[in-house]
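Below, each chain spelled out in residue letters.
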Amino acid sequence: EEAAAVPPAQRGSWSSFLKSIASFSGDLSSLTAPPFILSPVSLTEFPAYWCERPEYFAAIADAKPGQDRALAVLRWFISTLKDQYTSRNETMGSEKKPLNPVLGEVFYGSWPDRNGRGLTELLVEQVSHHPPITAYVIENKKKGLKLVGHNAQKTSFSSGAIIVKQIGHAVLTVNETEQYLITFPRLRIDGLWYGSPYIELAETSYIIGGGNITTIEYKGKGYFSGKSHSFKSTTVPIPGQGGAGPKEIVIEGTWHEHSKFSKGGAGTFHEVHEQKEEVTPLEWTSELGESETRRLWFLVAKGIREGDFELASREKSRIENEQRQRRKDEVAEGRTWELRHFDHVASDPIYEQLGRLAKIVPPTEDVYTFKGNWPSGFAALASAN
Ligand code: CLR
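Which residues make up the nonpolar core, and what values go with them?
Across soluble globular proteins, nonpolar side chains show a tendency to be buried alongside one another. If you look at the biggest cluster of nonpolar residues, it comprises 59 residues, and the most contacted ones within it are Phe57, Ile60, Trp76, Phe77, Leu147, Leu172 and Ile182. Per-element accounting of this core gives the leading share, nine residues, to helix 3 (residues 67-92). For Trp76, the residues in contact, after removing those within four places along its chain, are Trp50, Tyr56, Phe57, Ile60, Leu147 and Ile182. Of all hydrophobic cores here, the second largest spans 16 residues; its members include Val106, Ile133, Leu282 and Tyr368.

So what's going on with the site of the ligand? Which residues, and what values?
In the vicinity of the ligand, 19 residues are found, and the nearest of them are Gln84, Arg88, Asn151, Gln153 and Gln166. A distance of 2.6 Å separates an oxygen atom of the ligand from a polar side-chain atom of Gln84. For the ligand, whose accessible area on its own is 610 Å², the fraction buried by protein is 96%. Of all elements in the fold, only helix 1 (11-22), helix 3, strand 6 (145-158), strand 7 (161-174) and strand 9 (186-190) reach the threshold of two or more residues within the shell around the ligand. Partitioning the shell around the ligand into residue classes produces 13 nonpolar, four polar and two charged.

Summarise the side chain of Glu330; cite the residues concerned and give the values.
Mapped onto the elements of the fold, Glu330 is located in helix 6 (residues 309-333). Sequence-distant contacts of Glu330, that is, excluding residues within four places in its chain, are made with Arg335 and Trp337.

Explain the environment of Ser313 to me, and be specific about the residues and the numbers.
Relative to the assigned elements, Ser313 resides in helix 6. Assessed through its relative accessible area of 44%, Ser313 is described here as partly exposed. Placed 250 residues apart in sequence, Ser313 and Ala63 show a C-alpha to C-alpha distance of 49 Å.

For unusual backbone geometry, give the residues involved together with the corresponding values.
Glycine aside, the phi torsion of most residues is negative, and most peptide linkages are trans. A cis amide bond links His130 with the next residue in sequence, Pro131, at an omega value of 0°. Along the chain, Pro131 turns up in the loop between strand 4 (120-128) and strand 5 (133-140). Despite not being glycine, Ser159 shows a phi value in the positive range, around 30°. Looking at the element boundaries, Ser159 is found in the loop between strand 6 and strand 7. Although it is not a glycine, Lys359 sits at a positive phi angle of roughly 50°.

If you had to explain the layout of surface pockets to someone new, which residues and values would you point to?
Approximately 630 Å³ is the volume attributed to the largest pocket. Counting only elements with at least two residues in the lining of the largest pocket, the list comes to strand 1 (38-42), strand 2 (97-99), helix 5 (298-306) and helix 6. Here the lining of the largest pocket takes nine residues from helix 6, the largest share from any one element. For the lining of the largest pocket, the class distribution of residues is 13 nonpolar, 10 polar and five charged. What the second largest pocket holds in volume is close to 530 Å³.

Let's hear about the packing of aromatic side chains: which residues, and what values?
One pass over the structure, following the stated rule, counts 13 aromatic pairs. Seen from their ring centres, Trp374 and Phe378 are 5.0 Å apart, and the 75° between their planes marks the pair as edge-to-face. Phe378 carries the same exposure label as Trp374, and that label is buried. Aromatic rings pair up to connect Trp50, Phe57, Trp76, Phe77 and Phe184 into one cluster.

Please provide a residue-by-residue account of empty space enclosed by the protein, values included.
Applying the stated criterion across every chain yields a total of one cavity of 30 Å³ or more. In this structure, the largest cavity occupies an estimated 750 Å³ of space. Forming the boundary of the largest cavity are 36 residues, of which Leu43, Phe46, Pro98, Gln153 and Leu187 lie nearest the centre. Classifying every residue of the lining of the largest cavity by side-chain character gives 22 nonpolar, nine polar and five charged.

Explain helix 7 (residues 349-357) residue by residue, including any values.
Owing to its 3.6 residues per turn, the α-helix aligns residues three or four sequence positions apart on the same side. Of the positions making up helix 7, those classed as buried are Tyr351, Leu354 and Gly355. The arc enclosing the buried residues of helix 7, seen along the axis, measures out at 105°, which places them on a common side. Structurally, helix 7 contributes buried residues whose contacts are with strand 7, strand 8 (178-182) and strand 10 (198-209). N-capping of helix 7 is provided by Asp348, with a side-chain oxygen placed 3.1 Å from the backbone N of Ile350. Following helix 7 by one or two positions, Lys359 has its phi on the positive side, about 50°.

Parameters and conventions
The residue numbering used here restarts from 1 in each chain and proceeds along that chain's sequence as written. Only residues with pLDDT of at least 70 are given local features in this predicted model, and only at 80 or more are side-chain atom pairs given and counted; all residues enter the totals for whole chains, interfaces and linings. The side-chain figures draw on all heavy atoms in the structure; neither hydrogens nor water molecules are used. Each nonpolar core is a collection of buried residues, namely Ala, Val, Leu, Ile, Met, Phe, Trp, Tyr and Cys, held together in the definition by side-chain atoms within 4.5 Å. Burial classes: relative accessible area under 20% of the type maximum marks a residue as buried, over 50% as exposed, and values in between as partly exposed (1.4 Å probe, protein chains only). Helix and strand assignments follow DSSP, with helices taken as H or I runs no shorter than four residues and strands as E runs no shorter than two, numbered in order from the N terminus. By the convention used here, residues are in contact when the closest approach between their heavy atoms is within 4.5 Å. Nearness is defined per residue: one heavy atom within 4 Å of the molecule or strand is enough. The term polar contact refers here to a pair of N or O atoms within 3.5 Å; inside protein, the definition further demands a hydrogen-donor-capable atom paired with an acceptor-capable atom, and it admits residues adjacent in sequence only when both atoms are side-chain atoms. To measure how exposed things are, a 1.4 Å probe is used in the Shrake-Rupley method; for residues, cover is taken only from the protein chains shown. Classification used: nonpolar for Ala, Val, Leu, Ile, Met, Phe, Trp, Tyr, Cys and Pro, charged for Asp, Glu, Lys and Arg, polar for all others including Gly. Buried and open spaces are told apart on a 1 Å grid over the protein atoms alone, a cavity being a set of points where a 1.4 Å probe fits but cannot get out and a pocket being an open set with protein on both sides within 12 Å along at least five of seven lines. Residues with an atom within 4 Å of a point are the lining residues. Grid points are joined across faces, edges and corners, and a volume is the space filled by probe spheres set on the points. When the centres of two rings from Phe, Tyr and Trp lie within 6.5 Å, Trp using its six-membered ring, the rings pair. Their planes under 30 degrees apart give stacked, over 60 give edge-to-face, and anything left gives tilted. By arc we mean the arc of the directions from the helix axis to the C-beta atoms, nothing more.

Geometry only, nothing functional implied.
Quick look at the structure:
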């Protein structure tokens with residue numbers, strides 16, 4: 001009953017934080033939370049979760065086009081969920097409140113070419129501050145793979161839990177021709193009362209492309225398998241587009257551990273192994289700028305890690321004030337902020353075309369298209385590989 005994980009001195013501020021989220025819908029990121037729940041990592045680093053098991057990403061290119069490849073895309077997608085949704089609990093003891101990125105904040109990183117899998121490159125830019133929107137591109141040139149996406153969240157509060165509806169989508173392009181639309185699951189954050197929040201996934205997400213539609217349903221404890229972190233995916237050929245031997249493939253299991261075929265195949269589908277490879281940030285040069293995530297938040301992160309919350313909050317205020325001043329200057333000078341790596345486009349024909357096949361909602365979404373301007377540090381990495 002007690003908020004056991006909350007340090008006694010922070011109980012008051014934790015309960016006012018909970019009250020403010022209960023009476024508030026929209027952008028949680030701007031609410032002030034007590035120190036014990038702060039993470040030293042900015043949301044601009046989160047797209048790295050898509051590639052902490054780079055061999056599964058590379059395997060998409062090696063799979064045969066058709067159902068084989070649809071399953072390779074699904075296997076890679078499932079392989080990312082443990083890191084995306086449970087890794088803060090594992091490394092920091094609970095889900096935490098990430099640093100709220102500033103407009104124009106960037107993050108660059110890579111995973112090396114090993115065993116012929118190719119070099120994987122990551123570029124992230126915070127393309128909106130209010131509401132927070134993060135755009136990213138992940139590319140493995142050797143394998144002809146490119147993922148471009150953007151993420152935003154709409155949060156609400158329901159019977160003691162935070163419900164996070166994910167907005168945005170990603171498109172994976174294989175060999176510049178084949179495209180897969182990827183949507184994101186809904187999150188439910190429980191354990192708030194006790195001060196130890198954790199995520200469960202809910203509802204449905206899709207992977208649509210390459211002649212197939214995969215529908216992934218998520219359930220927690222007490223639903224179809226009775227286990228936390230359960231999912232069930234169904235892959236069916238798109239009518240009129242399916243390859244030879246159209247059949248339905250059903251996979252069931254947990255996304256953080258083990259899943260197996262329950263129809264259209266046999267045995268294990270995926271076993272989430274412990275070895276993950278964290279991204280290597282691109283070495284900082286002035287070309288990356290002062291808004292490179294780890295440079296920008298260096299002292300805030302240090303304060304949070306070392307328990308020096310005075311340092312953390314002083315530095316955080318400095319960064320926020322600087323941002324406010326920039327926005328004021330822009331208004332005064334009649335300028336608007338220009339995105340560095342992306343162009344904002346009001347609608348996405350790929351989302352519309354592929355989404356229609358599974359009647360996804362909403363039927364249309366905006367998109368951030370990548371300008372193709374990788375910082376020069378990546379060229380050096382590629383030639384070293
Ligand atoms: C961002 C996109 C990633 C998956 C992902 C994982 C965790 C989510 C995060 C997204 C968005 C921000 C988020 C976070 C968990 C907690 C945090 C919802 C969807 C909110 C803003 C903080 C809530 C504060 C409590 C933990 C106290 O691919």
